[in-house]
Amino acid sequence: EWANFRSSHSISGWSGRGGQTRNPYALDRNACGSSTGSGAAVSANFAALAVGTETDGSIVCPSSNNGVVGIKPTIGLVSRAGIVPISHSQDTAGPMARTVADAAILLGVLAGPDARDGATAALAGKPAPDYTRFLDPAGLRGARIGVVRKLFGFNERVDALIAGSLEAMKGAGATLVDPVDIPNTRRVDAAEFDVLLYEFKADLNAYLATRGPDCPCRTLKELIAWNEQHRDREMPYFGQDVFEKAEACGPLTSPAYQKALKQCRTYSRQKGIDAVMDKHRLDALVAPTSGIPWLTDPLNGDHFTGGCATLAAVAGYPHVTVPAGFIAGLPVGVSFFTF
């Protein structure tokens, strides 16, 4: 609910309308968010395909936690029209499926220009993409893959599982450059949240202004008040401190926002992913998608231990996660991202 961006102590997969989404592999475990329902539904065979949305990790983490394939596309490849926004610089929709082939088919359906989303304008007049032509079993042969060790180390069992994936890549003909270091990641982490707060307020207010006359809330400020009035249903476990921080932000012309946005773009792209890929002549970077699915805990919120979503999310670059295997019967994914 609200793309898991309402509280710093939220529970992934919880909403006031639907209650708690559960992980099909263990019902007391979390399915991650915010595309929790999409990941759990595909995993449980309720659907063959699903569409998720991501700002930072919300396609790839639920894909990893539910043992399915997720593709977070390049920003501007898939229209965001109609999606409740967080951030126009990071939001995108993307496919979630049980196989890479199914995800590739759905991505071809989703991709394309839409007059309602200016980010897709560059695709106008171009033929519809067919991503199934890249489904090559020998596709790793000759590829140079950079292992981002800085994004490992948060769980030794996850590291051991991903080690098996790396060996499989080498067996399929890839050359691993291990390790590679992406500089300036802390500068991205520090600035991203500020960008999201400013953009959430501006983008959500613009979205709510387009809703019909029956919409009870037309601004973030009114939404905060509505949540307080319905606290027993909407906020029984966690509050809305993130909403309140966003409401306190100024307009997108604010120097603080402009500085944070420039920092994000510079250190995620030119002095981040671009720099390391150019230096080592890489085709992709690899890291664990996230940790072992955690126990759902309404009192303390999510127990997210680590992952690799932020750099590609902030840069607006593509990110693919595929199942790497299981730890104690729980799925874990391995990620590939590039520019």
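Our structure is the block above this text.
Residues numbered from 1 in each chain as written. Predicted model: local features only at pLDDT ≥ 70, side-chain atom pairs only at ≥ 80, totals over all residues. Heavy atoms only, no water.

Trainee: I'd like a rundown of the side chain of aspartate 274, residues and numbers included.
Mentor: Secondary-structure assignment places aspartate 274 in helix H9 (residues 255-280). Ignoring anything within four residues of it in the chain, the contact list for aspartate 274 reads Arg269, Tyr317 and Phe339. (Helix = DSSP H or I, 4+ residues; strand = E, 2+ residues; numbered from the N terminus. Contact = heavy atoms within 4.5 Å.)

Trainee: How would you sum up the nonpolar core? Please name residues and give values.
Mentor: Counting residues in each nonpolar core, the largest one holds 71 residues, and the members touching the most others are Phe200, Leu220, Ile273, Leu285 and Phe337. Among the elements that take part in this core, helix H5 (residues 185-208) stands out by supplying 10 residues, more than any other. Setting aside its immediate chain neighbours within four residues, phenylalanine 200 contacts Phe5, Pro85, Ile86, Asn205, Leu220, Phe243 and Ala246. (Core = buried A, V, L, I, M, F, W, Y, C linked by side-chain atoms within 4.5 Å. Buried < 20%, exposed > 50% of the residue type's maximum accessible area, 1.4 Å probe, protein only.)

Trainee: Give a detailed account of the state of the cysteines, specifying residues and quantitative values.
Mentor: Going through the model one piece at a time under the given rule, you end up with 1 disulfide. Paired through a disulfide, cysteine 32 and cysteine 61 show a sulfur-sulfur distance of 1.9 Å. Residues cysteine 32 and cysteine 61 are joined through a disulfide that is right-handed, its torsion about the S-S bond being 105 degrees. Separated by 29 residues along the polypeptide, cysteine 32 in the loop between strand S2 (19-20) and helix H1 (36-43) and cysteine 61 in helix H2 (residues 60-66) bring together distant segments of the chain. Here cysteine 32 matches cysteine 61 in class, with each residue buried. A disulfide-free cysteine, cysteine 217 has its sulfur positioned 6.1 Å from the sulfur of cysteine 215, the nearest such atom. (Disulfide = S-S within 2.5 Å.)

Trainee: Which residues make up the pattern of salt bridges, and what are the values?
Mentor: Counted under the stated rule, the structure contains 9 salt bridges. Of the charged contacts in the structure, one is a salt bridge between arginine 6 and glutamate 1, with a shortest N-O distance of 3.6 Å. The salt bridge partner of arginine 80 is aspartate 117, with a shortest N-O separation of 2.5 Å. With a gap of 37 residues between them, arginine 80 in the loop between strand S4 (69-72) and strand S5 (92-97) and aspartate 117 in the loop between helix H3 (100-110) and strand S6 (144-147) connect regions that are remote in the sequence. Across this residue pair, the class does not change: arginine 80 and aspartate 117 are buried. (Salt bridge = Lys/Arg side-chain N within 4 Å of Asp/Glu carboxyl O.)

Trainee: Could you give me a rundown of H5, with the residues and numbers involved?
Mentor: For H5, spanning 24 residues, the distance from its first C-alpha to its last is 34 Å, which sits close to the expected 34 Å at 1.5 Å a residue. Along H5, the sharpest change in direction is near 30 degrees and occurs at alanine 191. (Expected span 1.5 Å × (residues − 1). Bend = angle between axes of the 7 residues up to and from the residue.)

Trainee: So what about the packing of aromatic side chains? Which residues, and what values?
Mentor: Tallied over the entire structure, the rule returns 10 aromatic pairs. An angle of 65 degrees between the planes, with centres 6.2 Å apart, marks the rings of phenylalanine 5 and phenylalanine 193 as edge-to-face. You can see phenylalanine 5 sitting in the segment before strand S1 (14-15) and its partner phenylalanine 193 sitting in helix H5, a full 188 residues away along the chain. Using a relative accessible area of 8% as the deciding quantity, one classes phenylalanine 5 as buried. Seen in terms of ring centroids, tryptophan 14 and phenylalanine 238 are 5.7 Å apart; in terms of plane orientation they differ by 75 degrees. Their pairing is edge-to-face. (Phe/Tyr/Trp six-rings, centres within 6.5 Å; stacked < 30°, edge-to-face > 60°.)

Trainee: Tell me about the environment of isoleucine 273, residues and numbers included.
Mentor: Locating isoleucine 273 in the fold gives a position in helix H9. Judged by its relative accessible area of 0%, isoleucine 273 falls in the buried class. The sequence separation of isoleucine 273 and leucine 285 amounts to 12 residues, and the corresponding C-alpha distance is 8.6 Å. Excluding its chain neighbours within four sequence positions, the residues that come into contact with isoleucine 273 are Ile182, Ser268, Leu285, Leu311, Ala312, Ala315, Tyr317, Phe337, Thr338 and Phe339.

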